[in-house]
Amino acid sequence: MNVDDASVHLIDEKARLWSSSYKKDSQRRHLEKQDEDLSNLISPEMVAEYEQSESTRKAVSLISQLSGAHCLQINQSEYTLIRDFVLTQITIANAHRSGVLANMTMREFNKAKLREGSCVISVKKHKNADIHGPAQVVLSLSRCLVT
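Residues numbered from 1 in each chain as written. Predicted model: local features only at pLDDT ≥ 70, side-chain atom pairs only at ≥ 80, totals over all residues. Heavy atoms only, no water.

Some remarks on helix H1 (residues 5–39)
Compared with an ideal rise of 1.5 Å per residue, which puts 35 residues at 51 Å, H1 spans 51 Å between its outermost C-alpha atoms and is within 8% of the ideal. Regarding H1, its N-cap is Asp4, as a side-chain oxygen of that residue lies 3.1 Å from the backbone nitrogen of Ala6 further along. (Helix = DSSP H or I, 4+ residues; strand = E, 2+ residues; numbered from the N terminus. Expected span 1.5 Å × (residues − 1). Polar contact = N/O pair within 3.5 Å; in protein donor to acceptor, adjacent residues only side chain to side chain.)

Written as structure tokens, this is what we have:
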């Protein structure tokens, strides 16, 4: 198949122009997304409201009851309340995207390292792992039992 130089040059020029126009749209969307993210930030007032909520008080109460109990039954609703409370606390303290906690494995949790009085968990699978490497989830020692 014979292709003349003019056709190759024309296709090359179209590809460059397409790439240039795509970059503009991509950059515009990136800036729009940044504005959306800023408008959706969680404020200190929202955190304070959550910490004073009925569900938070109930979760803390249940955790307190469980910490001293040898055998205590909890139902699905109570389990979910506690789970959501713990995940919310970790999210607020670490400010990661939700994918970091969603993808954290028990193996990663069990491999946590003690650093400066905290427990540090490296989560390899998350949205920006290829750019930033593993995400670091930091827990206080009271919330992390490292073996």
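Focus on the pairing of strand E2 (residues 118–123)
E2 sits mainly inside the fold: five of its six residues count as buried. Two strands pair when backbone bridges link them, and strand E1 (residues 113–115) and E2 are joined in this way by three bridges, in the antiparallel orientation. Considered in E2, the bridge of Arg115 is made with Ser118. Taken together, E1 and the strand that follows it, E2, pair antiparallel across an intervening segment of two residues, in which Glu116 is found at a positive phi of about 50°. Pairing of E2 with strand E3 (residues 135–140) involves six bridges; the strand directions are antiparallel. (Buried < 20%, exposed > 50% of the residue type's maximum accessible area, 1.4 Å probe, protein only. Pairing = 2+ DSSP bridges.)

Considering the side chain of His126
Along the chain, His126 turns up in the loop between E2 and helix H7 (129–132). Taking the relative accessible area as the measure of exposure, His126 reaches 17% and is therefore buried. A polar side-chain atom of His126 sits 3.3 Å from the main-chain amide nitrogen of Ala135. For His126, the contacting residues outside a window of four places in its chain are Val100, Asn103, Gly133, Pro134 and Ala135. (Contact = heavy atoms within 4.5 Å.)

Focus on a positive patch on the surface
The grouping of Arg107, Lys111, Lys113, Arg115 and Lys124 at the surface amounts to a positive patch. Here Lys113 lies in strand E1. (Patch = residues over 30% accessible without salt bridge, like charges linked within 9 Å, V, L, I, M, F, W, Y side chains within 5 Å. Areas by Shrake-Rupley, 256 points an atom, 1.4 Å probe, with all protein chains shown as cover. Salt bridge = Lys/Arg side-chain N within 4 Å of Asp/Glu carboxyl O. Lys, Arg positive; Asp, Glu negative; His and termini not counted. Charge placed at Lys NZ, Arg CZ, Asp CG, Glu CD.)

Notes on the layout of surface pockets
Roughly 400 Å³ of volume is contained in the second largest pocket. Lining the second largest pocket are Asp37, Asn40, Leu41, Ile42, Val47, Thr91, Ile92, Ala95, His96, Arg97 and Ser98. Within the lining of the second largest pocket, the residues separate by chemical class into five nonpolar, four polar and two charged. (1 Å grid on protein atoms, 1.4 Å probe; cavity = no way out; pocket = protein on both sides within 12 Å on 5 of 7 lines; lining within 4 Å. Points joined across faces, edges and corners; volume = space filled by probe spheres on them. Nonpolar A, V, L, I, M, F, W, Y, C, P; charged D, E, K, R; others polar.)

Examining unusual backbone geometry
We note that Ala95 has phi near 55°; this positive angle belongs to a residue other than glycine. For Ala95, a relative accessible area of 68% gives the class exposed. Residue Glu116 is not a glycine yet carries a positive backbone phi of 50°. Looking at the secondary structure, you find Glu116 in the loop between E1 and E2.

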